[in-house]
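Chain by chain, the residues:
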Amino acid sequence: MTVIFDMDGVILDSERIYLEGWLRAAALSGLDEARMMTAVADATGVNDEMERQIMEEAFGSVPGWSYEKAFRDCRDYFLETVESGRMPVKEGARELLAFLRRERIPAGLASSTPFPLLKKELTKAGLYDCFDTIVSGDMAARSKPAPDIFLLCARRLEADPADCLVIEDSYNGVRAAAAAGMRPVMVPDRLAPTEEMEKTAFRILPSLTAVLEYLRRTIAENPEYH
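Worth saying up front: this structure is predicted, and the values here are computed from it rather than measured.

Undergrad: Report on the overall build of the protein, specifying residues and quantitative values.
TA: For the protein, the count of helices and strands is ten helices and six strands. Its C-alpha radius of gyration of 17 Å places the protein within 12% of the 17 Å reference for a compact globule of 226 residues. Projected onto the principal axes, the alpha-carbon positions of the protein cover approximately 60 × 35 × 30 Å. Across the 226 residues that make up the protein, the buried fraction comes to 50%. Sequence-distant contacts, at least 24 apart, represent 63% of the contacts inside the protein between residues at least 6 apart. Entry remark: accessible area of the protein is about 10500 Å², with carbon and sulfur atoms responsible for 49%. The average position of the 27 basic charges and that of the 38 acidic charges among the side chains of the protein differ by 3 Å.

Undergrad: Help me get a handle on the side chain of Ser 14, residues and values and all.
TA: As for its position among the elements, Ser 14 is in helix α1 (residues 14–29). Those residues within four positions of Ser 14 in sequence are excluded, and the remaining contacts are Asp 8, Gly 9, Phe 78, Met 87 and Glu 121.

Undergrad: Tell me about helix α2 (residues 33–43), residues and numbers included.
TA: Residues of α2 that are buried include every one of Met 36, Ala 39, Val 40 and Ala 43, and no others. Down the axis of α2, the buried side of the element spans an arc of 100°, and every buried residue falls inside it. Its buried side turned inward, α2 meets α1 and α3 (48–59). By the N-cap criterion, in which a side-chain oxygen at the helix start approaches the backbone nitrogen of a residue two or three places on, α2 is capped by Asp 32, the distance to Ala 34 being 3.3 Å.

Undergrad: Provide a residue-level description of the packing of α1 against helix α4 (residues 67–83), including the pertinent values.
TA: At their nearest, the axes of α1 and α4 sit 8 Å apart, and the two run at 135° to each other. As far as their axial angle goes, α4 and α1 are oblique. With respect to the hand of their crossing, α1 and α4 are arranged in right-handed fashion. Counting all contacts with α1, which are made through Ser 14, Ile 17, Tyr 18, Glu 20, Gly 21, Trp 22, Arg 24, Ala 25, Leu 28 and Ser 29, the residues of α4 involved are Tyr 67, Lys 69, Ala 70, Phe 71, Asp 73, Cys 74, Tyr 77, Phe 78 and Thr 81. For the contact of α1 with α4, the per-class residue count stands at eleven nonpolar, four polar and four charged.

Undergrad: Break down the sheet that holds strand β1 (residues 2–5) for me, citing the residues and quoting the values.
TA: The strands making up a sheet associate through backbone hydrogen bonding, with each pair oriented either parallel or antiparallel. Taking strand neighbours across the sheet as the criterion, the six strands line up as β3-β2-β1-β4-β5-β6 in an open arrangement whose pairing is parallel. Only two strands of the sheet have a single neighbouring strand rather than two, namely β3 (133–135) and β6 (203–204). Across the sheet, helix α6 (residues 115–125) touches β2 (107–110) and β3, and the angle it forms with β3 is around 135°. Against the sheet, helix α10 (residues 208–221) makes contact with β1, β4 (164–168), β5 (183–186) and β6, and its axis sits at roughly 165° relative to β4, the strand it touches most.

Undergrad: Give me the nonpolar core: which residues, what numbers.
TA: Judged by nonpolar contacts, the single largest core of 56 residues is most densely connected at Phe 5, Ile 11, Trp 22, Leu 122 and Leu 215. Top contributing element to this core by residue count: α10, with seven residues. The contacts of Leu 215, once residues within four sequence positions are left out, are Met 1, Val 3, Leu 96, Phe 99, Leu 100 and Leu 165. Phe 150, Leu 152, Cys 153 and Ala 159 belong to the second-largest nonpolar core, a separate cluster that totals 17 residues.

Undergrad: Explain the pattern of salt bridges to me, and be specific about the residues and the numbers.
TA: Under the criterion given, the structure shown has 16 salt bridges. The salt bridge involving Glu 83 is made with Lys 120; its shortest N-O contact spans 2.6 Å. Taken together, the positions of Glu 83 in helix α4 and Lys 120 in helix α6 put the pair 37 residues apart, joining distant regions of the chain. Note that Lys 199 and Glu 195 form a salt bridge whose closest N and O atoms lie 3.4 Å from each other. Of the two residues, Lys 199 and Glu 195 both sit in helix α9 (residues 195–200), four residues apart, roughly one turn of that helix. Taken as a pair, Lys 199 and Glu 195 share a single burial class, namely exposed. Three or more residues are tied together by salt bridges with common partners; here these are Asp 13, Arg 16, Glu 20, Lys 90 and Asp 189.

Undergrad: Could you give an account of the packing of aromatic side chains, naming the residues involved and the relevant values?
TA: The final tally for this structure, using the stated rule, is six aromatic pairs. Geometrically, the ring pair formed by Phe 5 and Phe 131 is edge-to-face, given 6.1 Å between the ring centres and 70° between the ring planes. One end of the pair, Phe 5, is in strand β1; the other, Phe 131, is in the loop between α6 and β3, with 126 residues separating them in the sequence. Comparing Phe 5 with Phe 131 shows no difference in burial state: the two are buried. Between Tyr 18 and Trp 22 the ring centres are 6.5 Å apart and the planes differ by 85°, which places this aromatic pair in the edge-to-face class. Taken together, the residues span about one helical turn, with Tyr 18 and Trp 22 both in helix α1 at a distance of four residues. Note on Trp 22: relative accessible area 0%, which makes it buried. The ring of Phe 202 has Arg 183 lying over it, and the distance from NZ or CZ to the ring centre is 5.3 Å. Above the face of the Phe 202 ring, Arg 203 is positioned so that its terminal group lies 4.4 Å from the ring centre.

Quick notes on the rules
- Residues numbered from 1 in each chain as written.
- Predicted model: local features only at pLDDT ≥ 70, side-chain atom pairs only at ≥ 80, totals over all residues.
- Heavy atoms only, no water.
- Helix = DSSP H or I, 4+ residues; strand = E, 2+ residues; numbered from the N terminus.
- Rg over C-alpha atoms; globule rule 2.2 N^0.38 Å.
- Buried < 20%, exposed > 50% of the residue type's maximum accessible area, 1.4 Å probe, protein only.
- Contact = heavy atoms within 4.5 Å.
- Areas by Shrake-Rupley, 256 points an atom, 1.4 Å probe, with all protein chains shown as cover.
- Lys, Arg positive; Asp, Glu negative; His and termini not counted.
- Charge placed at Lys NZ, Arg CZ, Asp CG, Glu CD.
- Arc of directions from axis to C-beta.
- Polar contact = N/O pair within 3.5 Å; in protein donor to acceptor, adjacent residues only side chain to side chain.
- Axes fitted to C-alpha atoms, helices over the stretch in contact; angles between N-to-C directions.
- Parallel < 35°, antiparallel > 145°, perpendicular 65-115°, else oblique.
- Left-handed = near helix turned anticlockwise from the far one by under 90°.
- Nonpolar A, V, L, I, M, F, W, Y, C, P; charged D, E, K, R; others polar.
- Pairing = 2+ DSSP bridges.
- Core = buried A, V, L, I, M, F, W, Y, C linked by side-chain atoms within 4.5 Å.
- Salt bridge = Lys/Arg side-chain N within 4 Å of Asp/Glu carboxyl O.
- Phe/Tyr/Trp six-rings, centres within 6.5 Å; stacked < 30°, edge-to-face > 60°.
- Lys NZ or Arg CZ within 6 Å of the ring centre and 35° of its normal.

Dropping the structure here:
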């Protein structure tokens, strides 16, 4: 067994801060808040290039709107939260990562976030050294829902994709893990499970604490995972 994690919305409660940043940008530009919330949901789990495309499709026709300015407004809010050490860690994340380390189960991280920001976020949270390998969005040719980032992470871990559990919160992340031939476990954050997710995900669990309990049961029933 190998466990691969997404970061934003799974390990760190950064999706909430990300949304707050984009809503701040919307307020500064006089944009509709509900429309921004929809665009942010559509951009959850994708890389920077796809995020820009989604935002420009949503607001490109608004007179005077600039993606560059909106992105700066959002980024400044987000980075202030990271730099101040106020980025919250998701409940159960530390305990789950410690359990995997004790059980000698390989743990990877595959996030669409560019590596410099990813490293800063994890380092500030004291979690950077908890993973056996880390793959960022700027290391993969295609963004989620393409499977590239998960397949690269599995190769680095020398793991068979079929043996990988992927802990994800976003629709695109679940789709990407399934496309990689892995077993996506959806732990919902801001996006509630849809009928598609119920069919695509291997499991839908309410929290990382529930993931930990699931893994404990699985290992007890399969001693070869030790």
